[in-house]
Amino acid sequence: MAGFDDDLRFAHVLADAADDITMRRFRALDLSVQAKPDLTPVTDADLATEESLRNVLRRARPRDATLGEEYGRTGVSQRCWVLDPIDGTKNYVRGVPVWATLIGLMAEGQVTVGVVSAPALGRRWWAAQDGGAWTGRSLHKATACRVSEVSRLQDASLSYSDLATWADKGRLDEFLTLAKSVWRTRAYGAFWSHVLVAEGAVDISAESEVSLWDLAALQIIVTEAGGVFTDLAGIPTPDGGSAVCTNGQLHD
């Protein structure tokens, strides 16, 4: 566990560096917003945050590889830091405080550490392998996360990001069938959906189109909280292009 503890503490250092940049640019009148080739927005804060984290990693973890949403992969190590500088950029652009920096560490294809930092909400969530999942403002001011005990779909709360991606994937009818089967649906969106599962506030979350950097940090937080995290095919990976996470009792 000592190695995981060191990596987890370092992930919090990275999150501190990210928070400093993202909060200074949040709701800035001169925030620069451009469209990427896939027409999703990217801001100067996204770019500056990832650049800053990569600089810290180059100095402190020169042997590790890095994979980020904005600048791709560098390095060939089996230890790879997976970064999403701002998950929820559309919220960030519009001044909605539900966005976060996602920091995951993968070793030989398995996530070993994850930190989700949402400074505009004043919250973080984190986990290390076999160390449980936690939430709070810092390592020293934290409470444990635990998934819910809801065991019937008709009693479950389901969160998702949007309907358009389900339609794009040709799975909207299936998604709506699930939505009609549960007690409550809310589109909390992106990271927020999944950490709410880890906290036990939501029982199921699902996304039909996501990337590794969207999920690496989240997978270990949900699973260490007692939940199950897979892709839509039921494979327990953050790299399947989709995600379903639950309290475990509802997963099948």
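Residues numbered from 1 in each chain as written. Predicted model: local features only at pLDDT ≥ 70, side-chain atom pairs only at ≥ 80, totals over all residues. Heavy atoms only, no water.

Q: Please provide a residue-by-residue account of the pattern of salt bridges, values included.
A: Applying the stated rule across the entire model yields 12 salt bridges. One salt bridge in this structure joins Arg61 and Asp7, with 3.6 Å as the shortest N-O distance. Note that Arg61 is positioned in the loop between α2 (44–60) and β3 (65–68) and Asp7 in helix α1 (residues 2–25), a separation of 54 residues in sequence. Taking the relative accessible area as the measure of exposure, Arg61 reaches 21% and is therefore partly exposed. (Salt bridge = Lys/Arg side-chain N within 4 Å of Asp/Glu carboxyl O. Helix = DSSP H or I, 4+ residues; strand = E, 2+ residues; numbered from the N terminus. Buried < 20%, exposed > 50% of the residue type's maximum accessible area, 1.4 Å probe, protein only.)

Q: Run through the side chain of Ser157, naming residues and quoting values.
A: Within the secondary structure layout, Ser157 lies in strand β11 (residues 157–160). With a relative accessible area of 3%, Ser157 lands in the buried category.

Q: Which residues make up the layout of surface pockets, and what values do they have?
A: Empty pockets left among the atoms are what a rolling probe the size of a water molecule brings to light. The calculated volume of the largest pocket comes to roughly 980 Å³. Along the walls of the largest pocket sit 35 residues, with Thr40, Lys90, Asp162, Glu209 and Asp214 positioned nearest its centre. Secondary structure elements with two or more residues in the lining of the largest pocket: β5 (79–87), α3 (89–94), α4 (164–168), α6 (190–199) and α7 (212–224). By residue number, the principal contributor to the lining of the largest pocket is α6, which donates four residues. (1 Å grid on protein atoms, 1.4 Å probe; cavity = no way out; pocket = protein on both sides within 12 Å on 5 of 7 lines; lining within 4 Å. Points joined across faces, edges and corners; volume = space filled by probe spheres on them.)

Q: How would you explain the pairing of strand β15 (residues 243–246) if you had to name every residue and give the values?
A: On β15, burial covers both faces: Ala243 and Cys245 on one face and Val244 and Thr246 on the other are all buried. Across four bridges, strand β13 (residues 204–207) lies against β15 in antiparallel orientation. If you follow Glu207 over to β15, its bridge partner there is Ala243. As judged from the three bridges shared by strand β14 (residues 228–230) and β15, these two strands associate in the antiparallel manner. Note that in β15 the partner of Phe229 across the bridge is Cys245. (Pairing = 2+ DSSP bridges.)

Q: Kindly report on unusual backbone geometry, identifying the contributing residues and their values.
A: When glycine is set aside, most residues are seen to have a negative phi, and most peptide bonds are trans. A positive phi angle is found at Arg27, which is not glycine, with a value near 65°. By the element assignment, Arg27 lies in the loop between α1 and β1 (33–35). Even without glycine at this site, Ala190 takes up a positive phi of about 45°. Among the structural elements, Ala190 can be located in helix α6.

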